[in-house]
Amino acid sequence: MAADVTAAGGAGASPVWLNEKARAKVNLTLAVLGRRADGFHLLDSLVAFADIADELSLEPGPGLSLEVYGSRAKEAGAVADNLVLKAAKALAERHDGLTLGHFRLDKRLPAAAGIGGGSSDAAAALRLIARANELPLTDEKVLAAARATGSDVPVCLQVVGRWMRDAGETLSAPVPLPPLPAVLLNPGVATPTADVFRTLALPAGTAISPDLSLAAAIEGEKSPTALIRHLDRGRNDLEPAALVLRPAIGEALAVLRGQPTCRLARMSGSGATVFGLFETAEAAVAARQAIAERRPGWWVVDTVIG
Ligand SMILES: C[C@](O)(CO)[C@H](O)COP(=O)(O)OP(=O)(O)OC[C@H]1O[C@@H](n2ccc(N)nc2=O)[C@H](O)[C@@H]1O
Ligand SMILES: Nc1ncnc2c1ncn2[C@@H]1O[C@H](COP(=O)(O)OP(=O)(O)OP(=O)(O)O)[C@@H](O)[C@H]1O
């Protein structure tokens, strides 16, 4: 996790900014195991992080404010509704006398894209406030603020691979993963998470058991090739519903699967971003170049997931 401090100008009264990367979350597998009476779905998902990120900075001080800039700023919607502010308020209302301050968000990741951009920004905001106030990330109020902000925020709080269970509030111990060369591809269709879950049309009060053998096989796996083979046994149960809503996701999967070196292609979260896994970084770079040429309007990056 990158975290640093920058001082603008000379010594003394110059403002001190705390900086955090808000990395893209990737659901390497995502099983939907049921639906609770409150409507939320029970999940069993292996979450990892790609090395592409939004950048969030905080100048600790009085009040709370946010400015959003960068290539994807518009997609993140109204500043007042930004998940950075929602997370900061959720923590402030649980903790008296917290120092907040002025946030600056460089928005680079596509929004409503299944890679948790907003959730990762919110988690980065909580990390920054925790640092400014010398709170540990394991503080129960920090965790409660994360849960209150969104289902994906708790898993984004500490940037390590984990199994995310229930509706996101239950997290496994860290699952160390070997670095996986990857391509992320988004066909440019925003996909609201609630719409995808609704399309599943799962009745409330249903629940099936997780496949714990997959978690056991992945535990301690150090070889990317073997890990990809294990992941191939998994799935994303939201993929069929998302494909109904956004057929372009099917095209994106087909484009990835058409790359001869792509070993696995799957949707992340509720889409529309899909990821392809490769055995080498060179193969991922070459695939990204080939796809960018074929689909100049799509968002495509090569990265490493781990
Ligand atoms: C699909 C995932 O991205 C997988 O990591 C997450 O579960 C979704 O996380 P998120 O974007 O933070 O979602 P939230 O903002 O908490 O929920 C948006 C909406 O999705 C639906 N939702 C979300 C999570 C969940 N386990 N069951 C649901 O049914 C609910 O209608 C909810 O109102
Ligand atoms: N900082 C933010 N970045 C992106 N979107 C934000 C942010 N704050 C609020 N939003 C709103 O949240 C919505 C969902 O954004 P987000 O990028 O988190 O979705 P997602 O990638 O589908 O998330 P997930 O994978 O958690 O389902 C956006 O459409 C936008 O209106």
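Here goes a summary of the coordinates provided. Bear in mind that the values here come from a model prediction, so they are computed numbers and not experimental data.

### Description of the packing of helix 2 (residues 117-132) against helix 3 (residues 140-149)
Then, number 1: Between helix 2 and helix 3, the least distance of the axes is 10 Å, while the angle of their chain directions is 160°. Classed by the angle they form, the pair helix 2 and helix 3 counts as roughly antiparallel. Of the two elements, helix 2 crosses helix 3, and the hand of that crossing is right-handed. Listed contacts from helix 3 to Ala 122, Ala 123, Leu 126 and Ala 130 of helix 2 are Val 142, Ala 145, Ala 146 and Thr 149.
Then, number 2: The residue inventory of the contact of helix 2 with helix 3, partitioned by class, reads seven nonpolar, one polar and no charged.

### Here we look at the site of ligand 1
Then, number 1: In the neighbourhood of ligand 1, 19 residues make up the surrounding shell, with His 41, Gly 150, Ser 151, Asp 152 and Gly 269 lying closest.
Then, number 2: Breaking the shell around ligand 1 down by element, the ones donating at least two residues are strand 2 (16-35), strand 3 (41-61) and helix 5 (193-200).
Then, number 3: In terms of residue class, the shell around ligand 1 is made up of six nonpolar, twelve polar and one charged.
Then, number 4: Taken together, domain 1 (3-171) and domain 2 (180-305) each give at least three residues to the shell around ligand 1, which thus spans both.

### Focus on unusual backbone geometry
Then, number 1: Note the cis peptide between Gly 271 and Ala 272, where omega equals 10°.
Then, number 2: One can find Ala 272 in the loop between strand 10 (264-267) and strand 11 (274-277).
Then, number 3: Positive phi, normally seen in glycine, also occurs at Ala 112, with a value near 50°.
Then, number 4: Counting through the fold element by element, Ala 112 comes out in the loop between strand 5 (100-106) and helix 2.
Then, number 5: On the basis of neighbour count, Ala 112 is assigned to the buried category, with 21 C-beta atoms found within 10 Å.

What counts as what
- Residues numbered from 1 in each chain as written.
- Chains lettered and ligands numbered in written order.
- Predicted model: local features only at pLDDT ≥ 70, side-chain atom pairs only at ≥ 80, totals over all residues.
- Axes fitted to C-alpha atoms, helices over the stretch in contact; angles between N-to-C directions.
- Helix = DSSP H or I, 4+ residues; strand = E, 2+ residues; numbered from the N terminus.
- Parallel < 35°, antiparallel > 145°, perpendicular 65-115°, else oblique.
- Left-handed = near helix turned anticlockwise from the far one by under 90°.
- Contact = placed C-beta atoms within 7 Å.
- Nonpolar A, V, L, I, M, F, W, Y, C, P; charged D, E, K, R; others polar.
- Near = placed C-beta within 6 Å.
- Domains from an automatic or database assignment.
- Buried ≥ 20, exposed ≤ 12 C-beta atoms within 10 Å, placed from the backbone.

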